[in-house]
Amino acid sequence: MKSFIVKFDELISQIRSYQEQSSQIKINEPLSIKKICKNNELNDNFIYSQLLNDYLLQIKSISNLQNELNIICEFENDCSSNRTLWWYTRETFIYHLLNKAFRIQNKMLILSFSILIHTSTNKTMTATQNSIEQSFECGICHDYLTEVRETPCCHQLFCFTCIQQWLNQGGSCPQCKSTSLTENTLLKNVVLQRIVDNIELDCPYVLAGCSAKVPRCDLENHKQLCPYSTAKLADKQQQKLQKSIALLNQYTETAIPVSDNDLYDLAKALHEQYAYAEARKCFGKMKTKNSSLEIVILQAHIERDDGKYTDALRLYDQAYDMTTSPSQRIELLLAKKRMFITVPDKSIPPLDLSHNMSCRSEN
Ligand SMILES: [Zn+2]
Ligand SMILES: [Zn+2]
Ligand SMILES: [Zn+2]
């Protein structure tokens, strides 16, 4: 259950042999569940609460004994299998007891609480992502819990600010309507908060290409540093554009001859960065400006995307005449067609809604 158990199989075999031994020799320790169950038809919770009472009396360090005894009573009445996880993580001596049992690999203890451990492990394994997320959700804002607070009346979980606001508006408990709930009676749940803080979430810039899984408590930090953040990407784009413009200046201002291929690549890059005026400047220096199909098509795309439709149409037609390849011609027709989709067609009058309305009222 806990990550520090590395050799799980070994632990299980140890527990098995311990189980066999303990059924042979009489031991001066609390009875295991198995032994009690043999002769009784008591419910599990009752047995657990007896075991817990037994352990509680053995632990000298418990400071508030009465309080813990009350918790055991509550446990006996409340620990249905749906609530096992909650009980397992609740900040009580039960949690410390079970964690310690795993840490020091106390076989007796693990065996005694085997069903409880089994149920909560099973719950963790079989719970769907949805139901796990629901148990970490605030009952008011339905986001992941922040500064978890638990109501003493019905053990519902809320963000501190959410429940604080609710109570300030004179509200009773949002779940059970108890009127005795106040800000001062709210309980902290450190264990659950730790779990929620460590839930791994997708980076919010996942669509921009970030594949990072980030613990929730690091999310704000990651958002600032993520190389895919909107601000960082805009920065990168700006830098790229500046680089392209610097290259353009270098090409146009120096006397060193530049190949049409290099000019084409630069024009293409500038087009992708929406720098249409700069892209156009590249064509001025090209020798094959009107004889290379690729270059004519790029010019057409640039004019189209810059809204210069007459120029674009002329260039698409020019490119169409330059090729005999059917697939290329279809591509050019499609590119031309895209222009007509984006330009509103003024030949079709807009729907006259007032006319339609009056027709309907006449009927
Ligand atoms: Zn909330
Ligand atoms: Zn309540
Ligand atoms: Zn990221």
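Predicted model, so just to flag it, every value in this text is computed and none were measured.

## Focus on the coordination of the zinc ion (ligand 1)
Point 1. In this structure, C138 (SG), C141 (SG), C159 (SG) and C162 (SG) serve as the protein donors to the zinc ion (ligand 1), at separations of 2.3 Å.
Point 2. Each of the 4 donor atoms bound to the zinc ion (ligand 1) contributes to angles spanning 105 to 115°, and the resulting shape is tetrahedral.
Point 3. As a motif over one chain, the donors of the zinc ion (ligand 1) read C-x2-C-x17-C-x2-C. As far as the burial class goes, C159 and C162 line up, both buried.

## What about the coordination of the zinc ion (ligand 2)?
Six octahedral donors around a metal ideally subtend angles of 90 or 180 degrees, whereas four tetrahedral donors ideally subtend 109.5 degrees.
Point 1. Around the zinc ion (ligand 2), the protein contributes the donor atoms C153 (SG), C154 (SG), C173 (SG) and C176 (SG), at 2.2 to 2.3 Å from the metal centre.
Point 2. Here the zinc ion (ligand 2) binds 4 donor atoms, and the angle range of 99 to 121° at the metal identifies the geometry as tetrahedral.
Point 3. Donor residues for the zinc ion (ligand 2), ordered by position in the chain, follow C-C-x18-C-x2-C. In this pair, C154 is assigned in the loop between strand 1 (148-150) and strand 2 (157-159) and C173 in the loop between helix 10 (160-168) and strand 3 (187-188), connecting sequence segments 19 residues apart. Summarising the burial analysis for this pair, C154 and C173 share the class buried.

## Describing the UniProt feature "domain: RING-type" (unreviewed entry) in the protein chain
Point 1. This chain's UniProt record puts "domain: RING-type" (unreviewed entry) on residues 138-177.
Point 2. For the annotated span residues 138-177, helix accounts for 22% and strand for 15% of the residues, and the straight-line distance between the end C-alpha atoms is 17 Å.

## Side note on the packing of helix 16 (residues 293-305) against helix 17 (residues 309-322)
Point 1. One can describe the packing of helix 16 onto helix 17 by two numbers: an axis separation of 8 Å at closest approach and a directional angle of 160°. Considered as vectors, helix 16 and helix 17 are oriented roughly antiparallel to each other. For the element pair helix 16 and helix 17, the recorded crossing hand is left-handed. In contact with L293, V296, I297, Q299, A300, H301, E303 and R304 of helix 16, helix 17 contributes Y309, D311, A312, L315, Y316, Q318, A319 and M322.
Point 2. Its residues placed into classes, the contact of helix 16 with helix 17 shows 10 nonpolar, 3 polar and 3 charged.

Here is what the cut-offs are and how they apply
Residues numbered from 1 in each chain as written. Chains lettered and ligands numbered in written order. Predicted model: local features only at pLDDT ≥ 70, side-chain atom pairs only at ≥ 80, totals over all residues. Heavy atoms only, no water. Donors = N, O, S within 2.8 Å, 3.2 Å for Na, K, Ca; no water. Tetrahedral: all angles 85-135°; square planar, octahedral: opposite > 155°, others 65-115°. Buried < 20%, exposed > 50% of the residue type's maximum accessible area, 1.4 Å probe, protein only. Helix = DSSP H or I, 4+ residues; strand = E, 2+ residues; numbered from the N terminus. UniProt positions renumbered as here; feature names shortened; annotations may be inferred. Axes fitted to C-alpha atoms, helices over the stretch in contact; angles between N-to-C directions. Parallel < 35°, antiparallel > 145°, perpendicular 65-115°, else oblique. Left-handed = near helix turned anticlockwise from the far one by under 90°. Contact = heavy atoms within 4.5 Å. Nonpolar A, V, L, I, M, F, W, Y, C, P; charged D, E, K, R; others polar.

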